[in-house]
Structures are given as C-alpha cells and as structure tokens.
Amino acid sequence: MAKEVKTIGVLTSGGDAPGMNAAIRSVVRVALARGLKVKGIRRGYLGLLNEDIFDMQSRDVSDIIQKGGTVLGTARCLEFKQPEVQKQGADICRKHGIDGMVVIGGDGSYRGAQALSRNGINTIGLPGTIDLDISCTDYTIGFDTAVNTAMQAIDKVKDTSSSHERCSIIEVMGRNAGYIALWCGIANGAEDILLPEKYDFDEQKIINNIIQNRKKGKNHHLIINAEGIGHSASMARRIEAATGIETRATILGYMQRGGSPTAKDRYYASIMGARAVDILIEGKTNRIVGYRGGEFIDVDIEEGLAMTKEINEYEYEVSKLL
Ligand code: ADP
Ligand code: F6P
C-alpha cells in the first residue's frame, strides 16, 4: 500500500533558472487542489536544515509565473552531502509533517533528493537548470529562456562586431555541457562553435577559418565558446596576434540565468510541477520528472543520473555546415 501523502514540501536548489517560479506555483496550486497541505522551504537544503519552512497558500504564488529567479531562494549546501546531515534533513521534514518533497534543481540536487528518499521522505526531482545537462530529459526548466536571452545579447554584439570588422568570441554558460553554445551557435549564425564535448584544442583550425573568411569578404567572425572550454580572453589575444584582426571576448555570465521565462518554460514547468505532485500522491518516490519523445515522463533518479547525454551528432554536423 502506498504511503498516503498529506503535506508536500517544495524547495529550489543549486543554480536558479527562469521557470522555477512556474514550477513552484504549479506544485502549490495542484497540491492544494488535491486537498494536500504545502510547505515552502527557503534556500534549498540549507533552509531545510535551518528549518526555514512556512505554510504556502494559493495567494503566496500569485503574480510569480512571469518572474525570473526563484521566490523560494536557492543555495548550495555542501553539508548536505554528509549522511548524518541528510538524516537530520529527513527528521526535520517529519517534524514539520512533510511526507512528500519536490526538489527543483539539477543533478547535484537530485543526490540530495535521493538521500531524503532513502531516509523515508518520498521525494521527486524536477529538472531546473539552464544547462540542459540532465541525461534523462530532452528539456530542463530555464534552458529555453537562457538560450533566448543569450541569443538576443549575441545579436547585439554581432552588430558592433560587424561595424568594426572584428572577430568576437562570446562565452556562454552551460558548466561542462555545450547545449547553450550549440543552440546559440546555430541561432546566431556563428562561424565557429566550440563545445566541451567536441573540442579538439586545435586553435590553428579556427585561425585558418578566420583568415579564409576574411579573404572571402566577411566583415565579422563570430565564435561561440562554451563555458566548459572557457579562456575566452586569452584565446582572443592569441587569435588577434595570429590573424592581425581585432578580436574581442565577451563573457555573457549571469544575465543568462535571469529574466522573465519564455512561454515554453512557463508551460513545461507548470506541467512538470503538477506531475510531481500527482506521482507523490500515487506513492512514488526517488524519481525525476522529465520530457522525452514528446511526452512528460518520470524515471528513477539512479537510472536517470546513470544515463549519458551527448550532443546529437547530426545537429552538430549541421551546425558546422551553416
Ligand atoms: P545542481 O543541482 O544545479 O546540479 P549543485 O551540484 O550545486 O547544483 O547541487 C545543489 C545542492 O545539492 C548542493 O549544494 C547540495 O546541497 C546538494 N547536493 C549536491 N550533491 C550532493 C550529494 N552528492 N549528496 C547530497 N546532496 C548533494
Ligand atoms: O548550472 C547553472 C550554471 O549557471 C552553470 O551554467 C554555471 O557553470 C554555474 O551555474 C555557475 O554557478 P554559480 O552560480 O555557483 O557561479
């Protein structure tokens, strides 16, 4: 018999992502509509340990769906990697009557979710990260907004780069994953796209490409460099020295994590939040909600984290032809 869930806790953890608020709103409103109580936990696992826990009503999530960031706040809490601290976290949940938990974050946060689950609190993870680096899902909350934000910024840099006939290296986020770089590379029409998954450290190839393009009359050369490769400023200096073409590096940084979420992030996050509540009601635990093959799914956390995610070969090949 599935353990009946009466009170759901919700927290956001790790890097924030646009759309997290839509997910929180959905968890709160769907849980209330199903007759459950909801408790919000501020600042991720850190807030859980500090018992920064409060009752949430429908009005608490009014007017947040369009806002970037997370109204619950987030934190990185390294302490939560310790088994005795994880047990303490589960005991705090029990003390506050929380018997089901929704954790919105990335793969690090799922390890914490797994620990809560192991310690008797039914826990479901939602994929909240701009990096798209969760292997069991084709979609993560925040990626769409981050890519659109970066794309718009890159268009602007491209304007000035063309006017000055410069080469521009633009570094985008993604931790060790190249999805934001690949998407911007294609969407912004970059001449070179450098992805951690594919990078061969052959800078001479890039230099030759710049020289050839300049000979063909191109007035700019746009290189999208992923954070996982980094070193954009020193790369720019070496390229300028080798080509004689003025080269500038721009690191887009945290602006990619902020801003009002796109319709896609609001919509998918809303459905995922609902799904998390409904599978908790079914008695499920230790699962990640995802979107794969056109459907919302849920998979075991261990299984989900064990899958490998790679850049689609065909999409990468196409990016090089454009
Ligand atoms: P993300 O969830 O975006 O991948 P992090 O890797 O920083 O971000 O993880 C977020 C938080 O999840 C950490 O600060 C910590 O509280 C918790 N966490 C990370 N790894 C573990 C782990 N191995 N065991 C338990 N909790 C973890
Ligand atoms: O995971 C989201 C992300 O923005 C990554 O793209 C980046 O590597 C990391 O978080 C930065 O983390 P912090 O906020 O700790 O600097």
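Residues numbered from 1 in each chain as written. Chains lettered and ligands numbered in written order. Predicted model: local features only at pLDDT ≥ 70, side-chain atom pairs only at ≥ 80, totals over all residues. Heavy atoms only, no water.

A. Region of interest: the site of ligand 1. Residues in contact with ligand 1 amount to 15 residues; listed here are only the nearest, Arg 76, Cys 77, Gly 106, Gly 108 and Ser 109. Between an oxygen atom of ligand 1 and a main-chain N or O atom of Gly 108, the distance comes to 3.0 Å. A distance of 2.5 Å separates an oxygen atom of ligand 1 from a polar side-chain atom of Ser 109. In terms of residues, the shell around ligand 1 owes the most to one element, helix H4 (residues 107–118), which gives five residues. Looking at the shell around ligand 1 residue by residue, the classes come out as three nonpolar, eight polar and four charged. (Near = heavy atom within 4 Å. Polar contact = N/O pair within 3.5 Å; in protein donor to acceptor, adjacent residues only side chain to side chain. Helix = DSSP H or I, 4+ residues; strand = E, 2+ residues; numbered from the N terminus. Nonpolar A, V, L, I, M, F, W, Y, C, P; charged D, E, K, R; others polar.)

B. A look at the pattern of salt bridges. Applying the stated criterion to the full structure yields 21 salt bridges. As a salt-bridge pair, Asp 52 and Arg 42 come within 3.0 Å of each other at their nearest N and O atoms. On the criterion of sequence distance, the pair formed by Asp 52 in the loop between helix H2 (44–49) and strand S3 (53–55) and Arg 42 in the loop between strand S2 (37–41) and H2 is long-range, its members being 10 residues apart. Residues Asp 131 and Arg 175 are paired through a salt bridge, measuring 3.9 Å at the closest nitrogen-oxygen approach. You can see Asp 131 sitting in the loop between strand S5 (122–127) and helix H5 (143–163) and its partner Arg 175 sitting in the loop between strand S6 (167–172) and helix H6 (179–187), a full 44 residues away along the chain. Judged by its relative accessible area of 45%, Arg 175 falls in the partly exposed class. Connected through shared salt-bridge partners, Arg 275, Glu 282, Lys 284, Arg 287 and Asp 298 make up one network. (Salt bridge = Lys/Arg side-chain N within 4 Å of Asp/Glu carboxyl O. Buried < 20%, exposed > 50% of the residue type's maximum accessible area, 1.4 Å probe, protein only.)

C. Spatial organisation of unusual backbone geometry. Although it is not a glycine, Asp 63 sits at a positive phi angle of roughly 65°. Relative to the elements of secondary structure, Asp 63 occurs in the loop between S3 and helix H3 (83–95). Positive phi, close to 60°, is recorded for Phe 201, a residue that is not glycine. For Phe 201, the location among the structural elements is in the loop between strand S7 (192–194) and helix H7 (203–215).

D. Quick look at the site of ligand 2. Taken together, Arg 76, Thr 129, Ile 130, Asp 131, Met 173, Gly 174, Arg 175, Glu 227, Tyr 254 and Arg 257 make up all the residues around ligand 2. Taking Asp 131, its side chain carries an N or O atom lying 2.6 Å from an oxygen atom of ligand 2. The separation between an oxygen atom of ligand 2 and a polar side-chain atom of Tyr 254 is 2.4 Å. For ligand 2, whose free accessible area comes to 400 Å², the fraction covered by protein is 78%. Looking at side-chain class alone, the shell around ligand 2 contains three nonpolar, two polar and five charged residues. (Areas by Shrake-Rupley, 256 points an atom, 1.4 Å probe, with all protein chains shown as cover.)

E. Spatial organisation of the nonpolar core. Ile 8, Val 102, Ile 154, Ile 180 and Ile 224 are the most contacted members of the largest nonpolar core, which has 62 residues in total. Taken domain by domain, this core gets at least three of its residues from each of domain 1 (7–142 + 261–308) and domain 2 (144–258). Residues Leu 48, Leu 49, Val 85 and Ile 288 belong to the second largest nonpolar core, which totals 25 residues. (Core = buried A, V, L, I, M, F, W, Y, C linked by side-chain atoms within 4.5 Å. Domains from an automatic or database assignment.)

F. Structural context of the packing of aromatic side chains. Enumeration according to the criterion identifies eight aromatic pairs in this entry. Centre to centre, the rings of Tyr 268 and Phe 296 are 5.4 Å apart; their planes meet at 65°, and the pair counts as edge-to-face. Here Tyr 268 is found in helix H9 (residues 263–281), whereas its partner Phe 296 is found in strand S11 (residues 295–300), with 28 residues between them in sequence. In this pair, the class of Tyr 268 matches that of Phe 296, namely buried. Linked through ring pairs, Tyr 139, Tyr 267, Tyr 268, Tyr 291 and Phe 296 together constitute an aromatic cluster. Lying over the aromatic face of Phe 54, Arg 42 brings its terminal NZ or CZ to 4.0 Å of the ring centre. Above the ring of Tyr 179, the side-chain terminus of Lys 309 is found at 5.1 Å from the ring centroid. (Phe/Tyr/Trp six-rings, centres within 6.5 Å; stacked < 30°, edge-to-face > 60°. Lys NZ or Arg CZ within 6 Å of the ring centre and 35° of its normal.)

G. Representation of the environment of Asn 119. With respect to the helices, strands and loops of the structure, Asn 119 is situated in the loop between H4 and S5. We classify Asn 119 as partly exposed; its relative accessible area is 22%. Residues Asn 119 and Gly 89 lie 30 residues apart in sequence; the distance between their C-alpha atoms is 8.8 Å. If sequence neighbours within four positions are ignored, Asn 119 has contacts with Gln 86, Lys 87, Ala 90 and Arg 94. Within the structure, Asn 119 has its side chain in polar contact with the backbone oxygen of Ala 115 (distance 2.8 Å). (Contact = heavy atoms within 4.5 Å.)

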